[in-house]
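Structure at a glance
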Amino acid sequence: MDFPQGGQGPRNEFLALPGFALLLFIFCTLGGCSPKHVDSSFCPPAVTQKPVAQSEARQNDGAEPGRHREFDYSILFSRDNDYFSTSAPEYAADFSSLTTSDEIEPVPAIGDIVLAQYEDWRGVRYRLGGTDYRGVDCSALVQAIFKDAFEMELPRTSAEQAKLGEAVPRDEIQPGDLLYFIDRGRRHVGVAVNENEFLHASRKKGVTLSKFDKYWTPRLKRVRRILDSDEQLVIRPSGG
């Protein structure tokens with residue numbers, strides 16, 4: 001390369017560089033060398049469509065996801081519900097005892113209890129001083145009835161039994177009241193079944209039921225009440 005004198009560099013070769021740069025710029029501009037613009041908001045369709053395609057494939061296959069079985073609680077509040085007696089046999093006995101008020105056995109009345117004692121003693125003969133089924137007198141029968149039916153310990157003799165409880169007018173006799181008679185000069189005691197009949201040990205008939213007829217009504221001298229008709233409790237004597 002020839003360098004001109006005076007310290008100056010080469011001229012002819014470097015003078016062609018601006019023209020080459022101009023041609024390169026024009027070529028890049030017309031040839032599409034500019035950088036492409038990328039839209040950042042664009043989402044690839046393949047990514048968004050994949051879950052939809054999978055869901056449609058499941059529906060097409062007919063595979064339905066399993067559902068949890070829900071218990072119908074309305075049957076527990078149904079009037080005709082028999083759930084506890086059929087679903088669990090071990091609970092059937094427990095709930096079978098919960099019956100309605102119509103099925104609950106009522107407490108027997110005092111009169112019915114005395115009649116039941118009569119059925120137990122019916123036909124036993126009268127025997128003075130007797131206390132069992134081989135023979136019984138009137139006061140021993142009353143003592144046995146109150147012990148068996150009401151769990152009460154009464155004195156052995158009719159004279160001592162007459163001190164128990166409280167006096168009752170003759171026209172207010174109730175079942176369970178003690179009735180004291182004077183029969184042919186002897187003390188006699190019986191138990192009222194109702195306002196018309198009483199249970200006693202007759203000298204002629206043995207243990208029997210009798211009515212307040214013309215024979216027994218005039219002979220009735222005293223009525224004593226030792227049972228509370230509501231609670232069937234013993235009314236203790238007020239004095240010794």
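The structure presented is a predicted model; accordingly, all values stated were derived computationally and were not measured.

Basis of the calculations
- Residues numbered from 1 in each chain as written.
- Predicted model: local features only at pLDDT ≥ 70, side-chain atom pairs only at ≥ 80, totals over all residues.
- Heavy atoms only, no water.
- pLDDT = per-residue confidence, 0-100.
- Contact = heavy atoms within 4.5 Å.
- Salt bridge = Lys/Arg side-chain N within 4 Å of Asp/Glu carboxyl O.
- Helix = DSSP H or I, 4+ residues; strand = E, 2+ residues; numbered from the N terminus.
- Buried < 20%, exposed > 50% of the residue type's maximum accessible area, 1.4 Å probe, protein only.
- Pairing = 2+ DSSP bridges.
- Axes fitted to C-alpha atoms, helices over the stretch in contact; angles between N-to-C directions.
- Patch = residues over 30% accessible without salt bridge, like charges linked within 9 Å, V, L, I, M, F, W, Y side chains within 5 Å.
- Areas by Shrake-Rupley, 256 points an atom, 1.4 Å probe, with all protein chains shown as cover.
- Lys, Arg positive; Asp, Glu negative; His and termini not counted.
- Charge placed at Lys NZ, Arg CZ, Asp CG, Glu CD.
- Core = buried A, V, L, I, M, F, W, Y, C linked by side-chain atoms within 4.5 Å.
- Parallel < 35°, antiparallel > 145°, perpendicular 65-115°, else oblique.
- Left-handed = near helix turned anticlockwise from the far one by under 90°.
- Nonpolar A, V, L, I, M, F, W, Y, C, P; charged D, E, K, R; others polar.

To continue, consider the confidence of the model for the protein. Taken residue by residue, the protein gives an average pLDDT of 75. The fraction at 70 or more is 54%. In the model, residues 231-240 has pLDDT below 50 throughout and makes 21 contacts with residues more than four positions away in sequence or in other chains.

Taken as a whole, this structure holds 8 salt bridges when the rule is applied. Between Arg-134 and Asp-132 there is a salt bridge, with the nearest N and O atoms lying 2.8 Å from each other. Between Arg-225 and Asp-177 there is a salt bridge, with the nearest N and O atoms lying 2.9 Å from each other. Note that Arg-225 is positioned in strand S8 (residues 220-225) and Asp-177 in the loop between strand S3 (166-167) and strand S4 (178-183), a separation of 48 residues in sequence. Accessibility classification places Arg-225 together with Asp-177 in one group, the buried group. Each of the salt bridges in this network shares a partner with another, and the network as a whole consists of Arg-127, Asp-132 and Arg-134.

All right, on to the sheet that holds strand S6 (residues 197-202) then. The strand order across the open sheet built from 6 strands is S3-S8-S4-S5-S6-S7, with neighbouring strands paired in antiparallel fashion. Each edge of the open sheet is held by one strand with a lone partner, namely S3 and strand S7 (206-211). As defined by bridge partners, strand S5 (residues 186-192) adjoins S6 across 2 bridges and the pair is classed as antiparallel. Looking across to S6, one finds that Val-191 is bridged to Leu-199. Where helix H5 (residues 110-121) meets the sheet, it contacts S5, S6 and S7, and its direction lies at approximately 140 degrees from that of S7. Along the sheet face, helix H6 (residues 138-150) touches S4, S5, S6 and S7 and points at about 25 degrees away from the line of S5.

Together, Leu-22, Phe-25 and Ile-26 make up a nonpolar patch on the protein surface, roughly 310 Å² of accessible area in all. Inspection of the secondary structure assignment puts Phe-25 in helix H1 (residues 17-30). Residue classification places Phe-25 among the exposed positions, given a relative accessible area of 57%.

Okay, a positive patch on the surface next. Together, Arg-184, Arg-186, Arg-203, Lys-204 and Lys-205 make up a region of like positive charge exposed at the surface. Examined against the element boundaries, Arg-186 turns out to sit in strand S5.

Here the focus is the nonpolar core. Counting 30 residues, the largest nonpolar core has Phe-146, Val-207 and Ile-226 as its most contacted members. For this core, the secondary-structure elements that each account for two or more residues are H5, H6, S4, S5 and S6. The leading source of residues in this core is H6, at 8 residues. Ignoring any residue separated from it by four or fewer positions in sequence, one finds Val-207 in contact with Tyr-118, Trp-121, Arg-122, Gly-123, Val-124, Val-136, Leu-141, Leu-199, His-200 and Ala-201.

Here we come to the packing of H5 against H6. Interhelical geometry of H5 versus H6 gives an angle of 120 degrees and a closest axis separation of 10 Å. Classified by the angle between their axes, H5 and H6 sit oblique to one another. In this structure, H5 crosses over H6, and the sense of that crossing is right-handed. Contacts between H5 and H6 involve Ile-110, Ile-113, Gln-117 and Trp-121 on the former and, on the latter, Leu-141, Ala-144, Ile-145, Asp-148, Ala-149 and Phe-150. Across the contact of H5 with H6, the residue classes tally to 8 nonpolar, 1 polar and 1 charged.

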